[in-house]
Amino acid sequence: KQADRDPTHHISSSTKIPDGATHILAYAKNEFGEFPSPASIRIVDNKKPCLEDGAADCPVGVTVSPDTNPEAQRAQATITIAPAADQEKLSFYSVYWGRKGCNEGGQSGAKNGHIKDVPTDNPTWELPANTFVPKGTTHILVFSKSKLGESDRCVSTEFQDVVVETPNTEL
């Protein structure tokens, strides 16, 4: 804006930053010409992690040990996350029960309950004995998470809720 004491300019969130751009430059201008030295500000492109499958900040995979709790909808197991190649900007891995795997549509309707945000420096989590398993759970899902949010992309593995039938001893 020209008449303001503190000029401002809004840049839309969908604006593509040109390749190689590192700063925004602003030149002062009046009826006598343009000032030769600009004011500048460094561009920081804030974004959620793991925007594309296989990106360096996406977890590589996840495994889960067999369920050792014999009760239905109860589990005890170890979840191990194969960490992202670049964890520098990650805070946690968000772990969820899933109704389907990530290759079957990712986050859209797949989450069936949050398990835990697991620290990136220790990507293994032991589900305590008698951990509740939501009905319809078939997978464990893992998403990268940073201070800017949780990824929309995930990695997954199948989860089998082991149920041991107790024999009927009544005659």
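This text goes with the structure placed above it.
Not measured: the values here are computed from a predicted model. Residue positions are given per chain, counted from 1 along the sequence in the order it is written. Reporting in this predicted model follows two pLDDT cut-offs: at least 70 for local features of residues, and 80 or more for side-chain atom pairs to be given and counted; totals over whole chains, interfaces and linings ignore these cut-offs and use all residues. For side-chain calculations, the full set of non-hydrogen atoms in the structure is used, while hydrogens and water are omitted.

Draft legend 1. Structural context of the pairing of strand E12 (residues 139–146). Residue burial is assigned from relative accessible area. The probe radius is 1.4 Å, only protein chains are included, and a residue is buried under 20% of its type maximum, exposed over 50%, and partly exposed in between. The secondary structure listing takes helices from DSSP runs of H or I that are at least 4 residues long and strands from runs of E that are at least 2 residues long, numbered from the N terminus. With seven of its eight residues buried, E12 lies for the most part within the structure. At least two DSSP bridges between two strands are required for those strands to pair. Taken together, the seven bridges between strand E8 (residues 92–98) and E12 define a ladder with antiparallel strand orientation. From the neighbouring strand, Val-95 faces E12, where its bridge partner is Val-142. As judged from the seven bridges shared by E12 and strand E13 (residues 149–158), these two strands associate in the antiparallel manner. Within the sheet, the bridge partner assigned to Ile-140 lies in E13 and is Thr-157. Taking the residues that link successive antiparallel strands as the turn, the E12-E13 hairpin has two residues.

Draft legend 2. Quick look at the environment of His-23. Relative to the helices and strands, His-23 is located in strand E1 (residues 23–26). A residue is classified by how much of its surface remains accessible, and His-23, at 36% relative accessible area, is partly exposed. The spacing of His-23 and Lys-135 is 112 residues in sequence and 51 Å in space, taken between C-alpha atoms. In contact with His-23, not counting residues within four places along its chain, are Ser-40, Ile-41, Arg-42 and Ile-43. Of the polar contacts made by the side chain of His-23, one reaches the side chain of Thr-22; its length is 2.9 Å. Contact definition: two residues touch when any of their heavy atoms are within 4.5 Å. Polar contacts here mean pairs of N or O atoms no more than 3.5 Å apart (in protein, one a potential hydrogen donor and the other a potential acceptor; neighbouring residues in sequence count only if both atoms are side-chain atoms).

Draft legend 3. Just the sheet that holds strand E9 (residues 111–119), in detail. Sheet architecture is open: four strands sit in the order E9-E8-E12-E13, paired in antiparallel fashion. With partners counted over all chains shown, the strands left at the sheet margins are E9 and E13, one partner each. Along the sheet, successive strands turn relative to each other by an average axial angle of 25 degrees, direction set aside. Lines fitted to C-alpha atoms define the axes here, with helix axes fitted over just the stretch in contact, and angles between the N-to-C directions of these axes take values from 0 to 180 degrees.

Draft legend 4. Representation of the side chain of His-139. Here His-139 shows up in strand E12. A relative accessible area of 10% places His-139 in the buried class. At a separation of 3.5 Å, a polar atom in the side chain of His-139 contacts the main-chain amide nitrogen of Gly-101.

Draft legend 5. A look at the environment of Ser-156. In this fold, Ser-156 is placed in strand E13. Taking relative accessible area as the criterion, Ser-156 reaches 25% and is therefore assigned partly exposed. In this structure the C-alpha to C-alpha distance between Ser-156 and Ala-129, which are 27 residues apart in sequence, comes to 22 Å. Leave out the neighbours within four places in its chain, and Ser-156 touches Val-62, Gly-101, Cys-102, His-139, Ile-140 and Leu-141. At 3.0 Å, the side chain of Ser-156 and the backbone nitrogen of Cys-102 are in polar contact.

Draft legend 6. Quick peek at the pattern of salt bridges. Here, a salt bridge means any side-chain nitrogen of Lys or Arg that lies within 4 Å of a carboxyl oxygen of Asp or Glu. Throughout the structure, instances matching the rule amount to five salt bridges. The partner of Lys-16 in a salt bridge is Asp-19, and the shortest N-O contact between them spans 3.8 Å. We classify Asp-19 as exposed; its relative accessible area is 74%. Taking the shortest distance from any N to any O, the salt bridge between Asp-117 and Lys-145 comes out at 3.0 Å. Pair noted here: Asp-117 is in strand E9 and Lys-145 is in strand E12, with a separation of 28 residues, a long-range link. For Lys-145, a relative accessible area of 25% puts it in the partly exposed group.

Draft legend 7. Up close: the environment of Pro-38. The topology assignment puts Pro-38 in the loop between strand E3 (33–34) and strand E4 (39–42). In this structure the C-alpha to C-alpha distance between Pro-38 and Asn-122, which are 84 residues apart in sequence, comes to 46 Å. Excluding its chain neighbours within four sequence positions, the residues that come into contact with Pro-38 are Leu-25, Ala-26 and Tyr-27.

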